[in-house]
Amino acid sequence: MGLPDVRGRDLTDHGPLLDGSPKMRAILTIIENIADTDATVLIRGESGVGKDLVARAIHTQSARRHGPFVKVNCAAIPSELLESELFGHEKGAFTGAHRRKPGQFEYAKGGTIYLDEIADLPLALQAKLLHVLQDFRFTRLGGHGEIAVEARVIAATNRDLEHALARGEFRQDLYYRLGSGPRRSRSWWHGSSLASTRSTGGRSSWRRRR
């Protein structure tokens, strides 16, 4: 069955995914299968293979496509600023915090938050993210009131997570949480691990858990 016309138009912005190759069609099928769930998605692949394109395609085919798509590059933000960037802070939370500032999770309300290079999160922040994915709530830095997460989470990495696990650089519980789901969904599809290339296609894998 083909994609609905409106969604097909959305995907025209992602030309490399529409090259017609069997491998790209397989990836599009995976995207179609998971887009309308709220399952957390983990996209894996080397730099330059099109992870951003896959993340945006999932968003533009989802029920959240009219909401914001917020990308956070976890490798590009100094570690001491990441918690505030993701979750916001209250006035007086730290030196220089002269006013309340919402975080990217709040800005993504009703849409999708895309955590690129998630393996670069410090371990302490990995623990907080784990709780957010479990409880769908968070607190701003220096705050006390809980804020509900109203965004789908897509994460990506170019690192070998299994190697990072072995070295103690990535939490095992977060590793499994990123590959599990669905969140607030009755779908049995639990997540995705994709690798693709812009020109020649690539490998894709899809697991259905029972």
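Note that this is a predicted model, so its numbers are computed, not measured.

Trainee: Explain the packing of helix H2 (residues 22-35) against helix H3 (residues 51-61) to me, please; I cannot follow it from the model alone.
Mentor: When two helices pack together, their arrangement is given by the angle between the helix axes and by the axis-to-axis distance. With their axes 9 Å apart at the nearest point, H2 and H3 run at an angle of 45 degrees to one another. Looking at the two axes, H2 sits oblique to H3. In the crossing of H2 with H3, the sense of the turn from one axis to the other is right-handed. Here Ile27, Ile31, Glu32, Ile34 and Ala35 of H2 come into contact with H3, specifically with Val54, Ala57, Ile58 and Gln61. Along the lines of polarity and charge, the residues of the contact of H2 with H3 split into seven nonpolar, one polar and one charged.

Trainee: Sorry if this is basic, but what is going on with the sheet that holds strand E1 (residues 41-44) here?
Mentor: Sheet strands line up and pair through hydrogen bonds in the backbone, either parallel or antiparallel. Strand order in this open sheet of four strands is E1-E6-E3-E2, and the pairing throughout is parallel. Every other strand in the sheet has two partners, leaving E1 and strand E2 (69-73) as the edge strands with one partner each. Geometrically, the sheet is characterised by an average inter-axis angle of 20 degrees between neighbouring strands, direction not taken into account. Inspection of the sheet shows strand E3 (residues 112-116) paired to strand E6 (residues 152-157) by four bridges, in the parallel sense. When the sheet's bridge partners are listed, Ile113 is paired in E6 with Val153.

So, how was this worked out
Residues numbered from 1 in each chain as written. Predicted model: local features only at pLDDT ≥ 70, side-chain atom pairs only at ≥ 80, totals over all residues. Heavy atoms only, no water. Axes fitted to C-alpha atoms, helices over the stretch in contact; angles between N-to-C directions. Helix = DSSP H or I, 4+ residues; strand = E, 2+ residues; numbered from the N terminus. Parallel < 35°, antiparallel > 145°, perpendicular 65-115°, else oblique. Left-handed = near helix turned anticlockwise from the far one by under 90°. Contact = heavy atoms within 4.5 Å. Nonpolar A, V, L, I, M, F, W, Y, C, P; charged D, E, K, R; others polar. Pairing = 2+ DSSP bridges.

None of this, on its own, says anything about what the molecule does.
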